[in-house]
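Spelled out, the chains give:
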Amino acid sequence: MNNYYDVIVVGAGHAGCEAAAAAANLGSRTLLITMNMDAIAQMSCNPAMGGVAKGQIVREIDALGGYSGIVSDKSAIQFKMLNRSKGPAMWSPRTQNDRMLFSKEWRLMLENTKNLFFWQDMVVELIIENKKCVGVKTQIGVEFKAKSVILTNGTFLNGLIHIGEKQFGGGRAGARPSTGITEQLVSLGFESGRMKTGTPPRVDGRTLDFNKMEEQPGDENPSKFSFLSSSVRLTKQKSCYITYTNNNVHEILQTGFEKSPMFSGRIQGLGPRYCPSIEDKIVRFSERDRHQLFVEPEGWNTVEIYLNGFSTSLPEDVQYKAMRLIPGFENALMFRPGYAIEYDFFQPTQLKNTLETKLIDNLYFAGQINGTTGYEEAAGQGLMAGINAFLKIKEKEAFVLNRNEAYIGVLIDDLINKGTTEPYRMFTSRAEYRILLRQDNADVRLTEKGFNLGLASKLRMKMVEEKKQHIEKIIKHFEEVSILPKEVNSYLEQQNSSPLKQKVKAISVVIRPNIAIKELSFCSNKLQEEVSKHSVEILESAEILMKYEGYIKREKEVADKISRLDDIKIHNTIDYTKLGSLSAEAVDKLTKIKPSTIGQASRISGVSPSDISILMVHMGR
């Protein structure tokens, strides 16, 4: 045993895995401590990665040199690009995954990561010296020293599982809770709270009648998450299915409400607003006579089914009776019931924009400990914490992503400036620059940053440069090639687009609504000759840049203006109580959060534009 490391990561969920991989790949001697080596990167809830805005985060992690995209591709059983009917800012990749294969692939990748070591044990105490975290103590009494510690405890901190009137300690089904850390952090002055999340029953797929459900196949031409050419697309896929609850289901569920821990007050923590339990849906949307359920396979070689949309903490007998009234589930058998879990979190306003805590140096928080929900949000935070823990050890400048650079930047900025009272989930609507933060250009936005850090490989950088060249070549070709009315009018009429009356440049046609670059190219040999040389992804990116050039340009201009405020640094010694013209709320919020820039200060809830003007005057601007 070697008991000294550069970085110690506590917890091997999605945040912990990305944090450990990032720190180790950058060169830090890293120790990953987990309570169970067989549950690394466990998909505790649904067996899927990505989705609306979450898929963009997975692509961003991959572009920077993280592992989530690669592992998702290796374990995918279905791929879908969501929101295709909307604009490209909304397109969001999602994979259905093999739960066991996902965990296995993560462990293999971590075990093959240089500088990364493992220890199976529970961390019960942090070693703090002179307001610096210098290590951890485990349940069996081992002490590990480190220059930085990253806590990624997920739902394990004093985790409490609820099924009806039954409750027992656990970080998830079949796992013990983690104790000791919350109490120590609170004694050091940290503000903690309780949150709640839930999961649905797992069902035996052999007992279901899929003929009574709507089949949901994957994309006909599936894409993938990782930008690496070594990450392959699916050649076969498993279907998901859709079914619905009904009034009979709702009536049975209501018979268990008096024993519901959520309605009886036994659960104190707030649950995720955008992923409510089935009993919560019935109460909040009482006017609806049915709710959609997604029937999701758990993997290639298992009959286990995840009933997405039926999350519940009702008594198991009520769950069972209600479930059997769902179309296709008349003979269903459970593997295990759904349950709710309560756990401790810490207000993220107690963090710097690097995810280092303000109270204790060299201590970082990432994932659900910060009040977020979702694998992808956790993984993005873990990556950033791992990078910044390494940079601080090396006395290098911190790595922070701005809101106009990445969804990860939006996520962290929201957390540290606004805090959260309920599990935070990322949506495209949270990003004011979402036309810039598309899933197709995550590599163009971020790979150079990852390469400069030493995290993204030379191969990734080469691929990005080639991608840019290909896109520029396509756009230039469409700007130069002319098309005649007789070549294109038949296609335009099919798309309900006005016919041409004279020869025009191809770009003036492709920017029209409903006109697709590939279909348009079939009308002209000159276009087809160039288009046939490029992949679907390259063509899509080129088409987006041509169609949305004006919007992209305007959004960049706005982002540039706003980002100038982030260049104005605020000294951490400023005493806001001495600026008499500031509002009382602004003094309170600015003192508590201690923003590092004027831009950050302007995004704090309760700090008005006039407060920002006063700050600017005080700073001589």
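Residues numbered from 1 in each chain as written. Predicted model: local features only at pLDDT ≥ 70, side-chain atom pairs only at ≥ 80, totals over all residues. Heavy atoms only, no water.

K.L.:
Any chance you could break down the overall build of the protein for me, citing the residues and the numbers?
P.N.:
Assigned secondary structure in the protein consists of 22 helices and 22 strands. Against the 2.2 N^0.38 benchmark of 25 Å for 621 residues, the protein shows a C-alpha radius of gyration of 26 Å, consistent with a compact globule. Viewed in the frame of its principal axes, the protein has a C-alpha envelope of about 80 × 70 × 55 Å. The burial tally for the protein puts 57% of its 621 residues in the buried class. Once local pairs closer than 6 in sequence are excluded, the contacts in the protein between residues at least 24 apart make up 72%. Accessible surface computed for the protein: about 26500 Å², of which carbon and sulfur atoms make up 49%. (Helix = DSSP H or I, 4+ residues; strand = E, 2+ residues; numbered from the N terminus. Rg over C-alpha atoms; globule rule 2.2 N^0.38 Å. Buried < 20%, exposed > 50% of the residue type's maximum accessible area, 1.4 Å probe, protein only. Contact = heavy atoms within 4.5 Å. Areas by Shrake-Rupley, 256 points an atom, 1.4 Å probe, with all protein chains shown as cover.)

K.L.:
Describe in detail the environment of Met 100, supporting the description with residues and values.
P.N.:
Relative to the helices and strands, Met 100 resides in helix α4 (residues 99–111). You can call Met 100 exposed: its relative accessible area is 56%. Put simply, Met 100 and Met 43 are 57 residues apart on the chain and 8.4 Å apart in space, counted from C-alpha to C-alpha.

K.L.:
For the nonpolar core, give the residues involved together with the corresponding values.
P.N.:
Within the largest apolar cluster, 98 residues are counted, with the highest numbers of intra-cluster contacts made by Ile 8, Val 149, Leu 151 and Leu 363. In this structure Val 149 touches Ile 8, Val 10, Leu 126, Cys 133, Gly 135, Val 136, Asn 362, Leu 363 and Tyr 364, once residues within four positions along its chain are discounted. Core analysis: the second largest hydrophobic core is formed by 23 residues, Ile 475, Leu 500, Ile 515 and Leu 539 among them. (Core = buried A, V, L, I, M, F, W, Y, C linked by side-chain atoms within 4.5 Å.)

K.L.:
Lay out the pairing of strand β15 (residues 240–244) with the relevant residues and their values.
P.N.:
Within β15, five of the five residues are buried, which leaves the element mostly enclosed by the surrounding structure. Of the two faces of β15, the one lined by Cys 240, Ile 242 and Tyr 244 and the one lined by Tyr 241 and Thr 243 are each fully buried. Of the pairings in the sheet, the one linking strand β14 (residues 214–216) to β15 comprises three bridges and is antiparallel in character. When the bridges of β15 are listed, Glu 214 appears paired with Ile 242. Both β15 and strand β16 (residues 292–297) contribute to a ladder of four bridges, which runs antiparallel. (Pairing = 2+ DSSP bridges.)

K.L.:
Can you break down the sheet that holds strand β11 (residues 166–169) residue by residue, with the values?
P.N.:
Working definition: the strands of a sheet are paired by backbone hydrogen bonds and lie parallel or antiparallel to each other. Spatial strand order, β11-β10-β19-β12: four strands in an open sheet with antiparallel pairing. One side of each edge strand has no neighbouring strand; the edge strands of this open sheet are β11 and β12 (192–199). The sheet shows a mean angle of 25° between the axes of neighbouring strands, direction not considered. Where β12 and strand β19 (residues 339–346) come together, eight bridges link them in antiparallel fashion. (Axes fitted to C-alpha atoms, helices over the stretch in contact; angles between N-to-C directions.)

K.L.:
Please give an account of unusual backbone geometry that cites residues and values.
P.N.:
You will see that Leu 355, though not glycine, has its phi angle at about 75°, which is positive. Note that Leu 355 resides in the loop between β19 and β20 (363–365). Despite not being glycine, Asn 496 has its phi angle at roughly 55°, a positive value. By the secondary structure assignment, Asn 496 is in the loop between α14 (485–494) and β22 (504–505). Classification of Asn 496 as exposed rests on a relative accessible area of 75%.

K.L.:
Quick rundown of the sheet that holds β14? Include the residues and the values.
P.N.:
One open sheet accounts for six strands, arranged β14-β15-β16-β17-β13-β18; its pairing is antiparallel. The sheet terminates laterally at β14 and β18 (334–336), the two strands that pair on one side only. The sheet shows a mean angle of 35° between the axes of neighbouring strands, direction not considered. Taken strand by strand, helix α9 (residues 316–323) contacts β13 (202–204), β17 (304–308) and β18, and its axis lies near 150° from that of β18.

K.L.:
How would you explain helix α18 (residues 536–547) if you had to name every residue and give the values?
P.N.:
The end-to-end C-alpha distance of α18 is 16 Å, a good match for the 16 Å that 12 residues give at a rise of 1.5 Å each. What α18 keeps buried is the set Ile 538, Leu 539, Glu 540, Ser 541, Ala 542, Glu 543, Ile 544 and Met 546. The elements touched by buried residues of α18 are α13 (458–480), α15 (506–510), α16 (517–521), α17 (525–531) and α19 (549–563). (Expected span 1.5 Å × (residues − 1).)

K.L.:
Which residues make up helix α20 (residues 584–593), and what values go with them?
P.N.:
All of the buried residues in α20 are Ala 586, Val 587, Leu 590 and Ile 593. Down the axis of α20, the buried set is contained in an arc of 155°. They therefore lie on one face. (Arc of directions from axis to C-beta.)

K.L.:
Go over the packing of helix α2 (residues 54–64) against helix α3 (residues 68–75) with me, naming the residues and quoting the values.
P.N.:
Direction vectors running N to C along α2 and α3 enclose 115°, while the axes themselves pass 7 Å from each other. Here Val 58, Ile 61 and Asp 62 of α2 lie close against α3, whose contacting residues are Ser 68, Gly 69 and Ile 70. Along the lines of polarity and charge, the residues of the contact of α2 with α3 split into three nonpolar, two polar and one charged. (Nonpolar A, V, L, I, M, F, W, Y, C, P; charged D, E, K, R; others polar.)

K.L.:
Explain the packing of aromatic side chains to me, using residue names and the numbers behind them.
P.N.:
Inspection of the entire model under this criterion finds 11 aromatic pairs. Taken together, a centroid distance of 5.7 Å and an interplanar angle of 40° make the contact between Phe 190 and Phe 365 tilted. Taken as a pair, Phe 190 in the loop between α5 (181–187) and β12 and Phe 365 in strand β20 lie far apart in primary sequence, 175 residues in all. Look at Phe 190 and you get buried, because its relative accessible area is 4%. (Phe/Tyr/Trp six-rings, centres within 6.5 Å; stacked < 30°, edge-to-face > 60°.)

K.L.:
Provide a residue-level description of the pattern of salt bridges, including the pertinent values.
P.N.:
Scanning the model with the defined rule gives 35 salt bridges in all. Here Lys 54 and Glu 376 are joined by a salt bridge, their closest N and O atoms 3.3 Å apart. Highlighted residues: Lys 54 in helix α2 and Glu 376 in helix α10 (residues 375–393), separated in sequence by 322 residues. The partner of Glu 405 in a salt bridge is Lys 449, and the shortest N-O contact between them spans 2.9 Å. In this pair, Glu 405 is assigned in the loop between α10 and α11 (407–418) and Lys 449 in helix α12 (residues 442–453), connecting sequence segments 44 residues apart. For Lys 449, a relative accessible area of 28% gives the class partly exposed. (Salt bridge = Lys/Arg side-chain N within 4 Å of Asp/Glu carboxyl O.)

K.L.:
Go over the side chain of Thr 155, please, and point to the residues and values.
P.N.:
Checked against the element boundaries, Thr 155 lands in the loop between β9 (143–151) and β10 (160–163). The class for Thr 155 is buried, based on a relative accessible area of 12%. In terms of polar contacts, Thr 155 uses its side chain to reach the backbone carbonyl oxygen of Gly 171, at 2.6 Å. Apart from residues no more than four positions distant in its own chain, Thr 155 is found in contact with Gly 170, Gly 171, Thr 197, Ile 341, Tyr 343 and Gln 368. (Polar contact = N/O pair within 3.5 Å; in protein donor to acceptor, adjacent residues only side chain to side chain.)

K.L.:
How would you explain the side chain of Glu 543 if you had to name every residue and give the values?
P.N.:
Along the chain, the position of Glu 543 falls in helix α18. Under the relative-accessibility criterion, Glu 543 is labelled buried at 15%. In this view, Glu 543 contacts Ile 515, Ala 516 and Ile 517; residues no more than four positions away in its chain are not counted.

K.L.:
Give a description of the environment of Thr 349 that names residues and reports values.
P.N.:
Here Thr 349 lies in the loop between β19 and β20. For the pair Thr 349 and Gly 382, spaced 33 residues apart in sequence, the C-alpha separation works out to 17 Å. Other than its neighbours up to four places away in sequence, Thr 349 contacts Lys 358, Leu 415, Ile 416, Asn 417, Lys 418, Gly 419, Lys 592 and Ile 593.

K.L.:
I'd like a rundown of the environment of Ser 72, residues and numbers included.
P.N.:
Mapped onto the elements of the fold, Ser 72 is located in helix α3. Here Ser 72 falls in the buried class, since its relative accessible area comes to 0%. Distance from Ser 72 to Trp 106, taken between C-alpha atoms, is 9.2 Å for residues 34 residues apart in sequence.

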